[in-house]
Amino acid sequence: MQTSPSDTVRPTERRGGVMLGIVLIALGAFFLADRFVGFDLGQYGWPLFVIVPGLLLFAGGLATPDVRAGAGLATAGGITTMVGLVLAVQNATGLWATWAYAWALVGPGGTGVGLFLYGLLRRQSDLVVAGARTIGVALALFAAFGLFFEGFIGLSGEPFLVGSEVFPVVLIVAGLILVGLSVLRGRRPS
């Protein structure tokens, strides 16, 4: 018995088609709801035009059989999706100046999320660990720069650290973290 090309579809090709189909169904439902509810997509939903391509890139990474190429697409998808999420938050709050420190969520953060999720779904523990570390660095950078720009400079309003009792507490916590990390590094076997 002869097999047709449709009988030899690889599971990864099917998975990519299923994911793309789900994204298209979700988009169609969103646009249909827009017609009936009157949601202004131009004013509120435009970050979806960045988020959805990011999710498609990530889905493409999962559908790719080559781990290296898949991880690259997943990373690009993570970065693109994170840009869209940051834009969505900024659009909802009007705090556009937060780009001064939100970049940490996009660059290292999006990379880490892409690697972490791809590694988790593909059972690649090395990518999970690398992604988790990168997410940790991103969150630390976001917090540090956020404290500086909002706490000292007052980028989005009044600075909350200048002339308050919060500033000394922040210094104490930062010092405790540095001491703790230094002690832990010293105890690791070489």
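Refer to the structure printed above.
Quick summary incoming for the structure in this document. Predicted, not measured: the structure shown is a model, and the values here were computed from it.

Attention now moves to the overall build of the protein chain. Of regular secondary structure, the protein chain possesses seven helices and zero strands. When the helices and strands of the protein chain are read in sequence order from the N terminus, they spell out α-α-α-α-α-α-α. Scored against the burial criterion, the 190 residues of the protein chain give a buried share of 28%. For the protein chain, the exposed area adds up to about 12000 Å²; of that, 71% sits on carbon and sulfur atoms.

With that out of the way, let us pick up unusual backbone geometry. For arginine 123, which is not glycine, the phi torsion reads 55° and is therefore positive. Note that arginine 123 resides in the loop between helix H5 (99-122) and helix H6 (125-153).

Another point: the packing of aromatic side chains. Tallying each qualifying case throughout the model produces six aromatic pairs. Seen in terms of ring centroids, tryptophan 46 and tryptophan 96 are 6.3 Å apart; in terms of plane orientation they differ by 20°. Their pairing is stacked. Taken together, the residues span a long stretch of sequence, with tryptophan 46 in the loop between helix H2 (41-45) and helix H3 (48-63) and tryptophan 96 in the loop between helix H4 (67-93) and H5 at a distance of 50 residues. Both rings, one in tyrosine 101 and one in phenylalanine 149, keep their centres 6.3 Å apart while their planes meet at 15°; by these two values the pair is stacked. Of this pair, tyrosine 101 sits in helix H5 while phenylalanine 149 sits in helix H6, and the two are 48 residues apart along the sequence. Since its relative accessible area comes to 8%, tyrosine 101 is described here as buried. On the accessibility criterion, phenylalanine 149 (18% relative accessible area) is buried. In textbook terms, an aromatic cluster arises when at least three aromatic residues are bridged by ring pairs, as seen for Tyr101, Phe142, Phe148, Phe149 and Phe152.

The end-to-end C-alpha distance of H6 is 41 Å, a good match for the 42 Å that 29 residues give at a rise of 1.5 Å each. Burial in H6 covers these residues: Leu127, Val128, Gly131, Ala138, Gly146, Phe149, Glu150 and Gly151. Packed against the buried residues of H6 are H4 and H5.

So, how was this worked out
- Residues numbered from 1 in each chain as written.
- Predicted model: local features only at pLDDT ≥ 70, side-chain atom pairs only at ≥ 80, totals over all residues.
- Heavy atoms only, no water.
- Helix = DSSP H or I, 4+ residues; strand = E, 2+ residues; numbered from the N terminus.
- Buried < 20%, exposed > 50% of the residue type's maximum accessible area, 1.4 Å probe, protein only.
- Areas by Shrake-Rupley, 256 points an atom, 1.4 Å probe, with all protein chains shown as cover.
- Phe/Tyr/Trp six-rings, centres within 6.5 Å; stacked < 30°, edge-to-face > 60°.
- Expected span 1.5 Å × (residues − 1).
- Contact = heavy atoms within 4.5 Å.

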